[in-house]
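Single-letter residue listing:
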Amino acid sequence: MRIDIITIFPDYFAPLDLSLIGKARRAGLIDVRLHDLRRWTYDRHHTVDDTPYGGGPGMVMKPEPWGEALDAVTADADGAVPRLILPTPSGRPFTQRDAVRLAEEPWLVFACGRYEGIDARVAVDAARRMPVEEISIGDYVLNGGEVATLVVVEAVSRLLPGVLGNAESAAQDSFSPGTMDHLVEGPVYTKPAVWRGHEVPPVLLSGHHGAVDRWRRDEALRKTARNRPDLIDRLDPDQLDKRDREV
Ligand SMILES: N#Cc1c(-c2ccc3ccn(Cc4ccc(CN5CCOCC5)cc4)c3c2)n[nH]c1N
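Basis of the calculations
Residues numbered from 1 in each chain as written. Predicted model: local features only at pLDDT ≥ 70, side-chain atom pairs only at ≥ 80, totals over all residues. Heavy atoms only, no water. Phe/Tyr/Trp six-rings, centres within 6.5 Å; stacked < 30°, edge-to-face > 60°. Buried < 20%, exposed > 50% of the residue type's maximum accessible area, 1.4 Å probe, protein only. Helix = DSSP H or I, 4+ residues; strand = E, 2+ residues; numbered from the N terminus. Near = heavy atom within 4 Å. Polar contact = N/O pair within 3.5 Å; in protein donor to acceptor, adjacent residues only side chain to side chain. Areas by Shrake-Rupley, 256 points an atom, 1.4 Å probe, with all protein chains shown as cover. Nonpolar A, V, L, I, M, F, W, Y, C, P; charged D, E, K, R; others polar. Salt bridge = Lys/Arg side-chain N within 4 Å of Asp/Glu carboxyl O. Pairing = 2+ DSSP bridges. Axes fitted to C-alpha atoms, helices over the stretch in contact; angles between N-to-C directions. Contact = heavy atoms within 4.5 Å.

Undergrad: What's the story with the packing of aromatic side chains in this structure? I'm lost.
TA: Any pair of aromatic rings gets described here by the distance separating the centres and the angle formed by the planes. For the structure on display, the rule yields two aromatic pairs. An angle of 50° between the planes, with centres 6.5 Å apart, marks the rings of Phe9 and Tyr12 as tilted. A relative accessible area of 35% places Tyr12 in the partly exposed class. Taken together, a centroid distance of 6.4 Å and an interplanar angle of 50° make the contact between Tyr189 and Trp215 tilted. Remark: Trp215 occurs in helix α7 (residues 209–227) and Tyr189 occurs in the loop between α6 (167–171) and β8 (194–195); sequence separation between them is 26 residues. The exposure class of Trp215 is buried, given its relative accessible area of 17%.

Undergrad: What is the right way to look at the site of the ligand in this model?
TA: In the vicinity of the ligand, 18 residues are found, and the nearest of them are Tyr115, Ser136, Gly138, Tyr140 and Leu142. In this structure, a nitrogen atom belonging to the ligand sits 2.9 Å away from a main-chain N or O atom of Gly138. Compared with its free state, where it exposes 640 Å², the ligand has 76% of that area covered by protein. If you list the elements that add at least two residues to the shell around the ligand, you get β5 (83–93) and β7 (132–136). In terms of residue class, the shell around the ligand is made up of nine nonpolar, seven polar and two charged.

Undergrad: I'm lost on the pattern of salt bridges in this one. Help?
TA: For side chains bearing opposite charge, pairing can occur when the charged atoms are close. What the rule picks out here adds up to 16 salt bridges. We note a salt bridge from Lys62 to Glu64, for which the minimum N-O separation is 3.6 Å. Classification of Lys62 by relative accessible area gives partly exposed; the value is 21%. In this structure Glu64 comes out as partly exposed when scored by relative accessible area, which is 48%.

Undergrad: Help me out: how do you make sense of the sheet that holds β7 in this one?
TA: In a beta sheet, neighbouring strands pair by backbone hydrogen bonds and run either parallel or antiparallel. As summarised here, the arrangement of the five strands in space is β2-β1-β6-β5-β7, forming an open sheet in which the pairing is parallel. The open sheet has two edge strands with one neighbour each: β2 (31–36) and β7. Along the sheet, successive strands turn relative to each other by an average axial angle of 30°, direction set aside. Examined bridge by bridge, β5 and β7 share six bridges and lie parallel to one another. Within β7, the position partnered with Ile85 by the bridge is Glu133. Of the strands in this sheet, β1 (2–7), β5, β6 (107–111) and β7 are in contact with helix α5 (residues 146–157), which crosses β1 at around 175°.

Here it is in structure tokens:
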């Protein structure tokens, strides 16, 4: 997968050189390219913002640098077309299903806005030549699109073949479609078996895989009911066996 990121803060993406994503980049599994938006400004101050039409607080990002940056970054000799991802507070909520869907894409371009956002015409103009998705990573306000882009890049990249050491663990993640669909995962433990008087639940030391699986599902249901009752409502009643309903 090719990932292009356009931003006025390229250094924000140093974390993409670390850990599993960094390893995947060095292995050629992911091709991440950073672009400083100011490269497409020509005034002395490399201006990227201006006052909002109609008044109001703050500044808005000018369309011209974005238009030229997107033209340059998405120009591809073979005619390939990327999907443009536009983080914004007003975007559609980004979920694990979106991560799974986007992991199938060969090329993503992220436009990281700042200030009060990017002139709306940029997305309209880009949509003339590529799919555009406005997404939000949550109901809180950040200062720009960089953090959201890091979240989406990590959520998507970890699903790509070869990026995680054990592909299975991605499949068992919370919110991943499949065996524990819509349940958050329960507690996890490792050695020592007793730590500061806290014992690991004996079932996990029993070697009875069926009992361990049942215990893990019960704990996942318990934790979901406690922390995410909204997800319980989405569960198909048939997915809950009688014992589950007693939680
Ligand atoms: N993804 C994502 C994001 C973002 C996000 C993403 C991209 C940009 C580009 C600029 N900013 C800052 C900004 C702050 C305030 C406003 C206006 N406010 C009016 C009142 O309602 C709230 C919005 C606009 C933009 C961004 C924030 N925040 N939260 C998420 N989940």
